[in-house]
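Given next are the chains, with one letter for each unit.
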Amino acid sequence: MNAYDDTLASLNEDQLKAVTSKNKRLIISAGPGSGKTRALTTRIAKMINEDHVSGYQTLALTFTNKAAREMKERLALVCNPSEINKMTVCTIHGLALRMIQGYAFTLGYAPGEVVVYDDVDQDYLLKHIADKLDPTEGAKKLVKAAKECTNHPCWPQRESAQFTEFKEGVDRSLVYTLIAEYAAVLRQNNALDYGMLI
C-alpha cells in the first residue's frame, strides 16, 4: 500500500462518501477537527491519481495560510509528485492577489509587485491623512468613519460612504476627502489593502 491507499483506508464513512462522490461540486460542512481537510485533500488526490485530472485544473481555497500550508503538505504525501507544483492551493486573499498581480497594468497598477497593506498599515495611513485634514480630536472619528466605508462591499468606490451611517459630528465631506486621499496614496504606492482583495 502507498500513502494514498493508506489515507483512503483511514477515512470514515462520511469522508469516504465525500471523496468518492461523482458530483462535481460538493459542500463539506462539519465541525473543527472532524477531518474536512483530510477529506478535501484525499478527494483532490483521487481526482489526480485516479481520474487523471491535471494539477493545472486544481484550485483549493482556504481562509488561512496555515490551512493552505497544511493542505499542500498533505497533498504532497498522497499525490503524483509531478502534479503538486501545478496546483493552486492558497487563501482566497492569496488568489485575489495573484490575479491582481497578473493583470496589474490593466487594472492601473505599475507592473511588478503589488503591495498589500495590513490593518496596521491601513490604520497608520488613515490616521496620518486624517491628522492633516482635521488636526483636532475629530481625526479619530474621521478614521473610524473611513474604515467603515473601506470595509463596505462598495469600497473602493467613493460612493461607499453613501451606504454608511455616520455618527453625529462627522463631516461627510472630510470622510470623502480622507477616502479619496487614502486611495490615491495606495495607488501611488502600488498598494491595496486586504479589504480590496475580496
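Just so we're clear, the structure is a prediction, and the values are computed from it rather than from any experiment.

## A few points about a positive patch on the surface
Phase 1: A surface patch of positive charge is lined by Lys66, Arg69, Lys72 and Arg98.
Phase 2: The leading source of residues in the positive patch is helix α4 (residues 65–78), at 3 residues.
Phase 3: Along the chain, the position of Lys66 falls in helix α4.

## Focus: the pattern of salt bridges
Phase 1: For the structure shown, the criterion picks out 4 salt bridges.
Phase 2: The partner of Arg74 in a salt bridge is Glu70, and the shortest N-O contact between them spans 2.6 Å. Of this pair, Arg74 and Glu70 both sit in helix α4, 4 residues apart, which is roughly one turn of that helix.
Phase 3: The partly exposed category is assigned to Arg74, whose relative accessible area is 31%.
Phase 4: Glu70 gets classed as partly exposed once you look at its relative accessible area, which sits at 27%.
Phase 5: Salt-bridge contacts for Asp131 lead to Lys127; the nearest nitrogen and oxygen are separated by 2.9 Å. Taken as a pair, Asp131 and Lys127 lie in helix α7 (residues 119–133) at a separation of 4 residues, close to a single helical turn.

## Comments concerning the environment of Lys86
Phase 1: Relative to the assigned elements, Lys86 resides in the loop between α5 (81–84) and β2 (88–91).
Phase 2: The class for Lys86 is partly exposed, based on a relative accessible area of 25%.
Phase 3: Put simply, Lys86 and Ser54 are 32 residues apart on the chain and 7.7 Å apart in space, counted from C-alpha to C-alpha.
Phase 4: Among residues more than four places away in sequence, those in contact with Lys86 are Ser54, Gly55 and Tyr56.

## Points about the nonpolar core
Phase 1: Judged by nonpolar contacts, the single largest core of 27 residues is most densely connected at Val175, Leu178, Leu186 and Leu192.
Phase 2: For this core, the secondary structure elements donating two or more residues are α6 (92–102), β3 (115–117), α7, α8 (138–150), α9 (172–188) and β4 (191–193).
Phase 3: In this structure, Leu186 is in contact with Tyr117, Leu125, Ala191, Leu192, Asp193 and Met196, ignoring residues within four places of it in sequence.

## Section: the side chain of Lys46
Phase 1: With respect to the helices and strands, the residue Lys46 is situated in helix α3 (residues 36–49).
Phase 2: Assessed through its relative accessible area of 9%, Lys46 is described here as buried.
Phase 3: Among the polar contacts made by the side chain of Lys46, one reaches the side chain of Asp51 at a distance of 3.1 Å.
Phase 4: Setting aside residues no more than four positions away along its own chain, Lys46 makes contact with Tyr4, Val19, Thr20 and Asp51.

The rules behind the values
Sequence positions are assigned chain by chain, starting from 1 and proceeding in written order. Totals for whole chains, interfaces and linings use all residues, but because this is a predicted model, local features are given only for residues with pLDDT of at least 70 and pairs of side-chain atoms are given and counted only at 80 or more. Values reported for side chains reflect all heavy atoms of the structure, with hydrogen atoms and water molecules removed beforehand. Exposure above 30% relative accessible area and no salt bridge define the residues that can form patches, which grow by joining like charges within 9 Å and nonpolar side chains of Val, Leu, Ile, Met, Phe, Trp and Tyr within 5 Å. Areas reported as accessible are Shrake-Rupley estimates using a 1.4 Å probe. Residue values count occlusion only from the protein chains shown. We define a salt bridge as a side-chain nitrogen of Lys or Arg found within 4 Å of a carboxyl oxygen belonging to Asp or Glu. By the counting rule applied here, Lys and Arg register as positive and Asp and Glu as negative, while His and the ends of each chain are not counted. Throughout, a charge is located at the NZ atom of Lys, the CZ atom of Arg, the CG atom of Asp or the CD atom of Glu. Think of it this way: any DSSP run of H or I at least four residues long counts as a helix, any run of E at least two long counts as a strand, and we number them from the N terminus. We call a residue buried when its accessible area falls under 20% of the maximum for its residue type, exposed when it is over 50%, and partly exposed in between, using a 1.4 Å probe and counting protein chains only. Any pair of residues with heavy atoms lying within 4.5 Å of one another is described as a contacting pair. The nonpolar core is taken to be a set of buried Ala, Val, Leu, Ile, Met, Phe, Trp, Tyr and Cys residues, with the residues joined through side-chain atoms within 4.5 Å. Identification of polar contacts relies on pairs of N or O atoms within 3.5 Å, with a donor-acceptor requirement for protein atoms, meaning one able to donate a hydrogen and the other able to accept it, and with residues adjacent in sequence counted only if both atoms are side-chain atoms.

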